[in-house]
Amino acid sequence: MTKLPDRLGHFGAYGGRYISETLMPAVMELEKAYLKWAVHPDFKKEFAYYLKEYVGRPTPLYCAERLTKKLGGARIFLKREDLCHTGAHKINNTIGQILLAKRMGKKRVIAETGAGQHGVATATVAAMFGLKCEVYMGVDDIKRQSPNVFRMKLLGAKVTPVSSGSRTLKDAMNEALRDWVTNVYETFYIIGTAAGPHPYPMMVRDFQSIIGAESKRQFKDIAGKLPDELIACVGGGSNSLGLFHPFLEDKGVGMTGVEAGGDGVSTGRHAASINGGRPGILHGNKTYLIQDKWGQIIDTHSISAGLDYPGVGPEHAYLHDTGRVKYVTVTDKEALFGFKTLTLTEGIIPALESAHAVSYAIKAARKLGKNQTLIVCLSGRGDKDLQTVSKAFGYEL
Amino acid sequence: MSDTRISRAFARLKDKGKKALIAFVTAGDPDIAATRELVLTLEASGADIIELGIPFSDPMADGPTIQASSERALKKGTTPEDVLDAVKKIRKTSEIPIVLFGYYNPIFSYGVKKFSRKAKEAGADGVLVVDLPAEEAGELKEELCKNGLDLIFLLTPTSDAERMKLTSNVATGFIYFISITGVTGARQSVSKNISSYVKKIRCFSSIPVVVGFGVSTPVQANAVSSCSDGAVVGSAIINVIAARQNDRKALLADVGEFVSSLKKGMNARG
């Protein structure tokens, strides 16, 4: 496999840079800084230091014995990103980007957030490094993820509600881009997923690849071989790409990305860009998008705010077209089943995003033999979702 | 320079020692029937070139005024095909140059080839796509070129010499210099060093350079066009439209009056 993306950020037909001219010099400056520092020993050392001492890496690769036994199929391993500081994989990327922002002399960082996990991860590193931080969040998401909103505020970030459009993640990203275009000289935009204009999809993937690199090493130590299948949820797709990427050239390893099926793809109320969308251009890249006949972006739906986005990272679009990764969907209802099952059998409350991956893993494990192995990326913990889940289960908090 | 409605308009103005007033409206706001009347009113009031916005669900480069305008147009069900149809109707009675202004996804979704052909058939003269920098413009450029349409590009205060050169190499019709770093919208004041940017752009390009973003008063229009080839006014016109959505007659009268005042301001010798 040739190394992707190409010089202009293309993954086959996808990716690229579709942004207003004002931002072109900014993303080119960022690309230059990233290419310089990504290979620099000082940067690598500092990144590794904070991942270990601050984030708490390596995260365990935990064998879910009871879940495995209950299903009677493949052995299930959980990559415990939920144990990262702040409770999700998002901080791997924000540490990387803020170290870059510092080296570029930026005084202010901005971010978009859906579930609030990326917002919290950004506010956290901004607090740690003493940079000003503003997070854009849709008003609907602010309502369903209020604990994270308070967390960001505690961390000193300004949380700006976005009431335009569908009032969720995509609109938060629009607003963050508007901020960036206005304050481009002093501001670093920390994008939370492997999407956006080049170099973001590449850079975020690289920062998150620690998930897959650790898993590979840990699994080898445990089993002395490679796993049979990797499973992760896909919204924008940063935890999945982080897990998949170090295994892409290992032909025997199957990979499945789980998209948010909402009420079911056929109902139109979903957030499954690959399974229910077609190629288009939004937020700086060409990729699969949920859109109407005329190319207008449609409101998406998922019980999980972090997956409620009409696009997907361009590398996923490419991996779908080449067939290297299989993309499936899991509905809200199925995700809740996964949520409950994992909680009861393993004592781990997963984020609703990760519950999508768990739910698919339950289906997949049953069909596989006992000698086969699955790694599921448990991208985040579920504390932030208790409000949503209690409502779904009819329990008053 | 090729002989198009756009190039002829600039040549005519130059002969008279005048600058171009470029007026932006979103097609379909307040409804698509009004768009034809609005464009004819803009022309009668002194606009030299029209930028006709194709509404998009996610106008990332626009401020609240044009966002709201796009939303109103989309609520009325305005499609790219409706916009082309409006151009066709305008062409029956007017020769004013029309630039289709928008985001790439509706064009890409419609089909770049089909869009370019239909735009030509309808009588449009150029296309400006806010989120399509020179690097990604190859396919659209080729198709528009085949149909004799201009592809207009933006340059900004962040553009360095290299980007000015790159963009100038592919831009035709005119170059649109964004006078501020930010989104569209009426502003209290316009940037002061526009003249030095325009001079820099002219080192790389021989086509006209116009200035926009934030231009909202006759005085500002005069200021920015005095050091360039023209001024673009968008949000300030949309504000007038937004205030008169339910009264067609008053809408046209107010827009006409406002645009006349801009034109008068531009012709005034400062």
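Our structure's up above, just so we're on the same page.
First, a word on what this report is: a plain description of the structure on this page.

**A look at the sheet that holds strand 13 (residues 284-289) of chain A**
Residue and element names in this part refer to chain A.
Phase 1 of the analysis: Strand order in the open sheet formed by four strands is 1-2-13-12, and the pairing between neighbours is antiparallel. This sheet does not close on itself; its edge strands, each paired only once, are strand 1 (10-11) and strand 12 (278-282).
Phase 2 of the analysis: Sheet topology note: the strand 1/strand 2 (residues 14-18) ladder contains two bridges and is antiparallel. Within strand 2, the position partnered with His10 by the bridge is Gly15.

**Things to note about the packing of helix 8 (residues 161-170) of chain B against helix 9 (residues 194-204) of chain B**
Residues and elements named next belong to chain B.
Phase 1 of the analysis: Their axes nearest at 9 Å, the elements helix 8 and helix 9 cross at an angle of 55°. Classified by the interaxial angle, the pair formed by helix 8 and helix 9 is oblique. In this structure, helix 8 meets helix 9 at a crossing whose hand is right-handed. Counting all contacts with helix 8, which are made through Ala161, Met164, Lys165 and Ser168, the residues of helix 9 involved are Tyr197, Lys200, Ile201 and Phe204.
Phase 2 of the analysis: Here the contact of helix 8 with helix 9 is built from residues that sort into five nonpolar, one polar and two charged.

**Considerations on the pairing of strand 2 (residues 49-53) of chain B**
Residue and element names in this part refer to chain B.
Phase 1 of the analysis: Burial within strand 2 is extensive, with five of its five residues counted as buried.
Phase 2 of the analysis: Residues Ile49, Glu51 and Gly53 point to one face of strand 2 and Ile50 and Leu52 to the other, with burial holding for every one of them.
Phase 3 of the analysis: Alignment of strand 1 (residues 20-26) against strand 2, held across five bridges, turns out to be parallel. What sits directly across from Thr26, in strand 2, is Gly53.
Phase 4 of the analysis: Between strand 1 and its parallel partner strand 2, the chain crosses via helix 2 (residues 32-44), and the hand of that crossover is right-handed.
Phase 5 of the analysis: Relative to strand 3 (residues 98-102), strand 2 runs parallel, the two sharing four bridges. Note on strand 3: the bridge partner recorded for Ile50 is Ile98.

**Considerations on the sheet that holds strand 5 (residues 108-113) of chain A**
All names here are of chain A.
Phase 1 of the analysis: Spatially, the four strands line up as an open sheet ordered 7-6-5-8, and their pairing is parallel. Each of the sheet's edge strands pairs with one partner strand only, and the pair in question is strand 7 (158-162) and strand 8 (187-189). Ignoring which end each strand starts from, the neighbouring axes of this sheet average 25° apart.
Phase 2 of the analysis: Sheet contacts for helix 5 (residues 117-129): strand 5 and strand 6 (132-138); angle to strand 5, the most-contacted strand, approximately 165°.

**Thoughts on the side chain of Asp179(A)**
Residue and element names in this part refer to chain A.
Phase 1 of the analysis: Tracing the backbone shows Asp179 in helix 8 (residues 169-182).
Phase 2 of the analysis: Given a relative accessible area of 6%, Asp179 falls into the buried group.
Phase 3 of the analysis: Those residues in contact with Asp179 that sit more than four places away from it in its chain are Arg108, Ile110, Glu134, Tyr136 and Thr187.

**Some details on the pattern of salt bridges**
Phase 1 of the analysis: For the structure shown, the criterion picks out 40 salt bridges over all chains.
Phase 2 of the analysis: Across the pair Arg57(A) and Glu214(A) runs a salt bridge, and its minimum N-O distance is 2.9 Å. Remark: Glu214(A) occurs in helix 10 (residues 210-223) and Arg57(A) occurs in the loop between helix 2 (41-55) and strand 3 (61-63); sequence separation between them is 157 residues. Accessibility classification places Arg57(A) together with Glu214(A) in one group, the buried group.
Phase 3 of the analysis: Across the pair Arg72(B) and Asp29(B) runs a salt bridge whose closest N-O atoms are separated by 2.8 Å. Here Asp29(B) lies in the loop between strand 1 and helix 2 and Arg72(B) lies in helix 3 (residues 64-75), a separation of 43 residues in the sequence. The same class applies to Arg72(B) and to Asp29(B), which are both buried.
Phase 4 of the analysis: When salt bridges that share partners are traced, they join Arg57(A), Lys79(A), Glu81(A) and Glu214(A) into one network.

**Some details on the nonpolar core**
Phase 1 of the analysis: Counting residues in hydrophobic clusters, the biggest one holds 87 residues, and the most contacted among them are Leu100(A), Val109(A), Trp180(A), Tyr189(A), Phe174(B) and Tyr176(B).
Phase 2 of the analysis: Non-local contacts of Tyr189(A), meaning those with residues more than four positions away in its chain, are made with Gln97(A), Ile110(A), Ala111(A), Glu112(A), Met173(A), Ala176(A), Leu177(A), Trp180(A) and Tyr200(A).
Phase 3 of the analysis: Residues Val87(B), Ala119(B), Val127(B) and Leu151(B) belong to the second largest nonpolar core, which totals 68 residues.

**Structural notes on the packing of aromatic side chains**
Phase 1 of the analysis: Scanning all chains against the criterion turns up 20 aromatic pairs over all chains.
Phase 2 of the analysis: Where Phe43(A) meets Phe47(A), the ring centres are 6.4 Å apart and the plane angle is 20°; that geometry is what we call stacked. Taken as a pair, Phe43(A) and Phe47(A) lie in helix 2 at a separation of four residues, close to a single helical turn. A single burial state applies to Phe43(A) and to Phe47(A), both of which are buried.
Phase 3 of the analysis: Between Tyr50(A) and Phe129(A), the ring centres sit 5.3 Å apart and the planes meet at 70°, which makes this aromatic pair edge-to-face. Within this pair, whereas Tyr50(A) is found in helix 2, its partner Phe129(A) is found in helix 5, the two being separated by 79 residues in sequence. Each member of the pair, Tyr50(A) as well as Phe129(A), is classed as buried.
Phase 4 of the analysis: Among the aromatic side chains, those forming a connected cluster through ring pairs are Tyr34(A), Phe43(A), Phe47(A) and Phe207(A).
Phase 5 of the analysis: Across the ring face of Trp37(A), the terminal group of Arg103(A) is positioned such that the distance to the ring centre comes to 4.8 Å.
Phase 6 of the analysis: Just above the ring of Tyr110(B) sits the side chain of Lys114(B); from NZ or CZ to the centre is 4.4 Å.

Conventions adopted
Residues numbered from 1 in each chain as written. Chains lettered and ligands numbered in written order. Predicted model: local features only at pLDDT ≥ 70, side-chain atom pairs only at ≥ 80, totals over all residues. Heavy atoms only, no water. Pairing = 2+ DSSP bridges. Helix = DSSP H or I, 4+ residues; strand = E, 2+ residues; numbered from the N terminus. Axes fitted to C-alpha atoms, helices over the stretch in contact; angles between N-to-C directions. Parallel < 35°, antiparallel > 145°, perpendicular 65-115°, else oblique. Left-handed = near helix turned anticlockwise from the far one by under 90°. Contact = heavy atoms within 4.5 Å. Nonpolar A, V, L, I, M, F, W, Y, C, P; charged D, E, K, R; others polar. Buried < 20%, exposed > 50% of the residue type's maximum accessible area, 1.4 Å probe, protein only. Right-handed = clockwise from strand over helix to strand, strands pointing away. Salt bridge = Lys/Arg side-chain N within 4 Å of Asp/Glu carboxyl O. Core = buried A, V, L, I, M, F, W, Y, C linked by side-chain atoms within 4.5 Å. Phe/Tyr/Trp six-rings, centres within 6.5 Å; stacked < 30°, edge-to-face > 60°. Lys NZ or Arg CZ within 6 Å of the ring centre and 35° of its normal.

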